Amino acid sequence: MNKRLQKDVIMPISNKANNKEGFLPYSLIAMDMDGTLLTSDKKILPETLDDLSLVADKGVHLSYATGRALVEMKEYFEITPMIRYAICYSGAIIYDCMDKKVIYRKEVPSSCFERIIEVADKYDGMLTFLTENESIVSSADINHMDDFHMGVYQPMYLKVTRQVDDMAAESRKHDSITKINIYFRNQEDRHRGYEELINLPLTFALAEETSLEMNAEGVSKGTALKTLSSLLDISIEETMAIGDADNDRDMLSTAGISVVMMNARSDIKKLANYITKDSDHNGVGFAIRDYFDL
């Protein structure tokens, strides 16, 4: 076992055995953002950036894999030129950060909007509409995000969102929406709301403490990872996925190797081939350095 590994890190010896000089064990690395690539205060550590640059210089393709909208990611694009691709909106869009264009898209149809809004209103939840160019929220909710256990995101929301008075009226302006989130006030309400929406043709993920994320049917980070690997002519066995949360499940199960953060829940850790350090201690870079012998 590599001397850099701690006793609480899982290392599959079979994968390490092939990592000899000049051999790249994986050709594409897809990384979740919140709780994975980003620290608790939503930063990327300088040492993480260094490790990403090192592996990118070896010819490995790098991709974000996040539930975030593009408008919520632009500030990170500026400091991560080595990450060319972005699987975002939990897989509804794949974006080429270098050419600045969408290369894949699948969105929530308007037929689902009315029922989603009814459930959000019933439980006094906070709705977010995520489109290719905007993040749209209610002006009545954005100053009370602590009530929805989303206070850590409030500075970003105040900076990047468009605030509207009536989300139902806003929904009628769209034929489709890339992703819709409801932030509930407690987990019990989220569970009830989810049960009332489960029959809609959507893909659901339980995120953060009380959030329910909704994408079009069939959308997931795992499906998007397959699509991106195909576009790059890379077999899925040559992919590495790094994540920590419920909306990473499909990606972690799909990739050639699954790396899970130490700060993940225990049920997500069960999906791991390798458990790395937490997001505040360069867990992403730690795993990459170990697998690629950097």
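See above for the structure.
(A) Just the sheet that holds strand E14 (residues 239-243), in detail. An order of E5-E4-E3-E2-E1-E14-E15-E16 is seen for the 8 strands of this open sheet, with the pairing classed as mixed. Edge positions in the sheet fall to strand E5 (101-105) and strand E16 (274-276), since each has one partner strand and no second. For this sheet the average axis-to-axis angle between neighbouring strands, irrespective of direction, equals 20 degrees. Note: strand E4 (residues 93-96) against E5, 4 bridges, orientation antiparallel. Each bridged residue has a counterpart across the sheet, and for Ile-93 the counterpart in E5 is Arg-105. The sheet contacts of helix H8 (residues 221-231) involve strand E1 (28-31), strand E2 (61-65), strand E3 (85-88), E4, E5 and E14, and relative to E3 the element is tilted by about 155 degrees. Lying over the sheet, helix H11 (residues 283-292) contacts E1, E14, strand E15 (257-261) and E16, oriented at roughly 130 degrees with respect to E16.

(B) Molecular detail of the packing of aromatic side chains. Within this structure, the stated rule accounts for 7 aromatic pairs. With 5.8 Å between their ring centres and 45 degrees between their planes, Tyr-64 and Phe-77 make a pair best called tilted. Here Tyr-64 is found in strand E2, whereas its partner Phe-77 is found in helix H3 (residues 74-77), with 13 residues between them in sequence. In this structure, Tyr-64 and Phe-77 share a single accessibility class: buried.

(C) Geometry of H11. Of all 10 residues in H11, 9 are buried, a share of seventy percent or more. Taken together, the buried positions of H11 are occupied by Gly-283, Val-284, Gly-285, Phe-286, Ala-287, Ile-288, Asp-290, Tyr-291 and Phe-292. Where H11 terminates, the next one or two residues include Asp-293, which has phi positive at roughly 50 degrees.

(D) Representation of the pairing of E15 within the structure. In terms of burial, E15 is a largely internal element, 5 of the 5 residues being buried. Burial along E15 is two-sided: the face carrying Ile-257, Val-259 and Met-261 and the face carrying Ser-258 and Val-260 are both buried. Read as a crossover between parallel neighbours, the route from E14 over helix H9 (residues 249-254) to E15 is right-handed.

(E) Representation of the environment of Ala-224. Here Ala-224 lies in helix H8. Filtering out sequence-adjacent residues up to four positions away, Ala-224 remains in contact with Ile-87, Gly-91 and Ile-94.

(F) Structural detail: the layout of surface pockets. What the largest pocket holds in volume is close to 520 Å³. For the lining of the largest pocket, the secondary structure elements donating two or more residues are helix H5 (154-160), strand E11 (179-183), strand E12 (202-207) and strand E13 (211-216). Per element, the largest residue contribution to the lining of the largest pocket is 3 residues, and it comes from E11. Split by residue class, the lining of the largest pocket holds 10 nonpolar, 7 polar and 12 charged.

About the cut-offs
Residues numbered from 1 in each chain as written. Predicted model: local features only at pLDDT ≥ 70, side-chain atom pairs only at ≥ 80, totals over all residues. Heavy atoms only, no water. Pairing = 2+ DSSP bridges. Helix = DSSP H or I, 4+ residues; strand = E, 2+ residues; numbered from the N terminus. Axes fitted to C-alpha atoms, helices over the stretch in contact; angles between N-to-C directions. Contact = heavy atoms within 4.5 Å. Phe/Tyr/Trp six-rings, centres within 6.5 Å; stacked < 30°, edge-to-face > 60°. Buried < 20%, exposed > 50% of the residue type's maximum accessible area, 1.4 Å probe, protein only. Right-handed = clockwise from strand over helix to strand, strands pointing away. 1 Å grid on protein atoms, 1.4 Å probe; cavity = no way out; pocket = protein on both sides within 12 Å on 5 of 7 lines; lining within 4 Å. Points joined across faces, edges and corners; volume = space filled by probe spheres on them. Nonpolar A, V, L, I, M, F, W, Y, C, P; charged D, E, K, R; others polar.

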